[in-house]
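# Structural description and commentary
Chain by chain, the residues:
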Amino acid sequence: MIAPPDRMPLPRDFFDRPVLEVAPDLLGRVLVRTTPDGPIAVRLTEVEAYDGPNDPGSHAYRGRTARNAVMFGPPGHVYVYFTYGMWHCMNLVCGPEGRACAVLLRAGEVIEGAELARRRRLSARNDKELAKGPARLATALDVGRALDGTDACATDGTPLKILTGTPVASDQVRNGPRTGVAGDGGDGGIHPWRYWVADDPTVSPYRAHVPRRRRS
């Protein structure tokens, strides 16, 4: 049986491009998480680009570490990190191997397996909030560090894959400063590398970076 065009996996060369080309082109694509209880599928509606050595906001700006090693690997792999001691976030590596560029998956619409996502997102007031934000998206899909390095372009047996979906028309794509990024890579307008689908209710609200205060 031949899969319809919108259910075909994206090939590796889709990701082997500059990060600022890949990021907006991911909008409307479908992320599928295969679990023992069944699949969960999310239509991507918001992403952020991180340009490795050229980007002070990137985890790879200061070079390779044990934490960010996957970013330096082949394109099309999943980079998962743990933040604030509480949440996981997931990215898709892109660009040539060794470049360490990635796209943070910020939000999406759960289009399959909503009942499974609800079990993990008990605080969601409605289905539009199931994957509204990068930590919520990872939680809804049961994505943790164990999936760091997953090949999303593998043809068989991968727990995470990206399908063609329905790309968003260019006049429906918006962009602006990245959320919560500090310093030179932050919200001063220098890096307006957050992309989202216009007027989509699953897109997360913009929040500027707020410095964390040390306890006296």
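A brief look at the structure comes next.

What counts and how
Residues numbered from 1 in each chain as written. Predicted model: local features only at pLDDT ≥ 70, side-chain atom pairs only at ≥ 80, totals over all residues. Heavy atoms only, no water. Core = buried A, V, L, I, M, F, W, Y, C linked by side-chain atoms within 4.5 Å. Buried < 20%, exposed > 50% of the residue type's maximum accessible area, 1.4 Å probe, protein only. Helix = DSSP H or I, 4+ residues; strand = E, 2+ residues; numbered from the N terminus. Contact = heavy atoms within 4.5 Å. Phe/Tyr/Trp six-rings, centres within 6.5 Å; stacked < 30°, edge-to-face > 60°. Lys NZ or Arg CZ within 6 Å of the ring centre and 35° of its normal. Polar contact = N/O pair within 3.5 Å; in protein donor to acceptor, adjacent residues only side chain to side chain. Salt bridge = Lys/Arg side-chain N within 4 Å of Asp/Glu carboxyl O. Disulfide = S-S within 2.5 Å. Pairing = 2+ DSSP bridges.

### A few points about the nonpolar core
The biggest cluster of nonpolar side chains holds 43 residues, and the ones touching the most others in it are Phe15, Leu26, Leu31, Met90, Leu105 and Leu137. In terms of residues, this core owes the most to one element, strand β2 (residues 38–50), which gives five residues. In contact with Leu105, not counting residues within four places along its chain, are Leu26, Leu31, Leu44, Glu46, Val47, Met90, Leu92, Pro134 and Leu137. Counting residues in hydrophobic clusters, the runner-up holds 13 residues, among them Ala60, Tyr79, Ala100 and Leu104.

### Here's the deal with the packing of aromatic side chains
By the definition in use, this model includes two aromatic pairs. Between Phe14 and Phe15 the ring centres are 5.0 Å apart and the planes differ by 75°, which places this aromatic pair in the edge-to-face class. Between the aromatic rings of Tyr79 and Tyr81, the centroid separation amounts to 5.7 Å while the plane-to-plane angle is 40°, which identifies the pairing as tilted. Of the two residues, Tyr79 and Tyr81, both sit in the buried class. Geometry around Trp196 places Arg194 over its ring, the cationic atom sitting 4.2 Å from the centre.

### Comments concerning the side chain of Arg178
When you line up the elements, Arg178 lands in the loop between β7 (173–176) and β8 (194–197). Taking relative accessible area as the criterion, Arg178 reaches 0% and is therefore assigned buried. There is a polar contact of 2.7 Å between the side chain of Arg178 and the side chain of Asp55.

### With respect to unusual backbone geometry
Phi at Ala100 is positive, roughly 65°, even though this residue is not glycine. Mapped onto the elements of the fold, Ala100 is located in the loop between β4 (87–94) and β5 (101–112). On the basis of relative accessibility, which here comes to 1%, the residue Ala100 falls in the buried class.

### Some points on the side chain of Asp200
Among the secondary structure elements, Asp200 is positioned in the segment after β8. A polar contact of 2.6 Å, which involves the side chain of Asp200, links it to the side chain of Thr202.

### Focus on the pattern of salt bridges
Taken as a whole and assessed by the stated rule, the structure comprises 17 salt bridges. When the shortest N-O distance is used, the salt bridge between Arg12 and Asp151 registers 2.8 Å. On the criterion of sequence distance, the pair formed by Arg12 in helix α1 (residues 12–15) and Asp151 in the loop between α4 (134–140) and β6 (160–163) is long-range, its members being 139 residues apart. Here Arg118 ties to Asp127 by a salt bridge, and the two come within 2.9 Å at their closest N and O atoms. On the accessibility criterion, Arg118 (38% relative accessible area) is partly exposed. The exposure class of Asp127 is partly exposed, given its relative accessible area of 38%. Through salt bridges with shared partners, a single ionic network connects Glu46, Glu48, Arg106 and Arg194.

### Considering the state of the cysteines
Following the criterion strictly, the structure yields zero disulfides and no others. Not part of a disulfide, Cys89 finds its nearest cysteine sulfur in Cys94, a span of 17 Å. For Cys94, which is in no disulfide, the shortest distance to another cysteine sulfur is to Cys101 and amounts to 5.7 Å.

### As for the pairing of strand β3 (residues 78–83)
Burial analysis of β3 places five of its six residues in the buried class, which makes it a mostly covered element. By the bridge criterion, six bridges tie β3 to β4 in an arrangement that is antiparallel. If you follow Val80 over to β4, its bridge partner there is Met90. The antiparallel hairpin formed by β3 and β4 contains three residues in its connecting segment, where Tyr84 sits at a positive phi of about 55°.

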